[in-house]
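# A structural walkthrough
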Amino acid sequence: MEFHSYYGTFKERARKQDLDFLKETISDQLVVREIRQDEVIDYSYEDSIEGWKQAFGHFQDKDMTWIYTDHCLTELKENEWLASFWVSIELEGELLGSSNLFFNTYKKEKDTWQLVRTYIEAGVETPESAKVNIR
């Protein structure tokens, strides 16, 4: 599968809260750095999966939609791409005021795309561009 198709699948499966897909497609060597209100948090695969699990559980019985606003896709080298995008949340019909800005690096290993690195600016003001992506 070429990267653009995989990336579309990754966003859609995450949007559908498919934890099994994420477990398969996130590298067990994942490196993550998150900045939230000047606090720096580093974590790994296990922490990432637990975070997804908690987020899915938190929103399980709510009318919630993940809104992806793509910014840029950059081929870093053969079989390695950087995707920068916003994730905003529409909850019970209202767009939340804060979003997360992601810089994800995906690498094709053994014919499978894997998320290998993530940098997140969390809890920042929702960009105007996200507002045009609401249903």
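One structure accompanies this document, and this report is about it. (Residues numbered from 1 in each chain as written. Predicted model: local features only at pLDDT ≥ 70, side-chain atom pairs only at ≥ 80, totals over all residues. Heavy atoms only, no water.)

## A closer look at the overall build of the protein
From N to C terminus, the protein includes four helices and seven strands. A globule of 135 residues ought to have a C-alpha radius of gyration of about 14 Å, and the protein, at 15 Å, matches this closely. Judged by the C-alpha coordinates and their principal axes, the protein covers about 40 × 30 × 30 Å. Across the 135 residues in the protein, those meeting the buried criterion constitute 41%. For the protein, the share of sequence-separated contacts (at least 6 apart) that also reach a separation of at least 24 residues comes to 54%. Looking at the protein as shown, the accessible area adds up to about 7900 Å², and 46% of this sits on carbon and sulfur atoms. Separation of charge centres in the protein, based on 16 positive and 27 negative side chains, amounts to 3 Å. (Helix = DSSP H or I, 4+ residues; strand = E, 2+ residues; numbered from the N terminus. Rg over C-alpha atoms; globule rule 2.2 N^0.38 Å. Buried < 20%, exposed > 50% of the residue type's maximum accessible area, 1.4 Å probe, protein only. Contact = heavy atoms within 4.5 Å. Areas by Shrake-Rupley, 256 points an atom, 1.4 Å probe, with all protein chains shown as cover. Lys, Arg positive; Asp, Glu negative; His and termini not counted. Charge placed at Lys NZ, Arg CZ, Asp CG, Glu CD.)

## Here we look at the pattern of salt bridges
One pass over the structure, following the stated rule, counts eight salt bridges. Salt-bridge contacts for Arg15 lead to Glu12; the nearest nitrogen and oxygen are separated by 2.8 Å. Of this pair, Arg15 and Glu12 both sit in helix α1 (residues 3–15), three residues apart, roughly one helical turn. Among the residues examined, Glu12 registers a relative accessible area of 29% and is labelled partly exposed. The shortest N-O distance in the salt bridge between Arg33 and Asp42 comes to 2.7 Å. Among the ionic contacts, a cluster of salt bridges with common partners joins Glu12, Arg15 and Lys16. (Salt bridge = Lys/Arg side-chain N within 4 Å of Asp/Glu carboxyl O.)

## What about a negative patch on the surface?
Where like charges cluster on the molecular surface, the negative patch consists of Asp28, Glu46, Asp47, Glu50 and Glu109. For the negative patch, the element with the highest residue contribution is helix α3 (residues 45–59), accounting for three residues. Secondary-structure assignment places Asp28 in strand β1 (residues 26–36). (Patch = residues over 30% accessible without salt bridge, like charges linked within 9 Å, V, L, I, M, F, W, Y side chains within 5 Å.)

## A closer look at the packing of aromatic side chains
Here the structure, examined in full by the defined rule, presents 19 aromatic pairs. Here Phe3 and Tyr6 contribute two aromatic rings whose centre-to-centre distance is 6.3 Å and whose plane-to-plane angle is 45 degrees, an arrangement assigned as tilted. With Phe3 and Tyr6 both in helix α1 and three residues apart, this pair spans about one turn of that helix. Here Phe3 matches Tyr6 in class, with each residue buried. (Phe/Tyr/Trp six-rings, centres within 6.5 Å; stacked < 30°, edge-to-face > 60°.)

## A word on the nonpolar core
Within the largest apolar cluster, 31 residues are counted, with the highest numbers of intra-cluster contacts made by Leu22, Ile26, Trp52, Trp66, Phe85 and Tyr106. Leaving out residues up to four positions away in the same chain, Tyr106 has contacts with Phe3, Tyr6, Tyr7, Phe10, Asn79, Glu80, Trp81, Ala83, Phe85, Trp113, Gln114 and Leu115. (Core = buried A, V, L, I, M, F, W, Y, C linked by side-chain atoms within 4.5 Å.)

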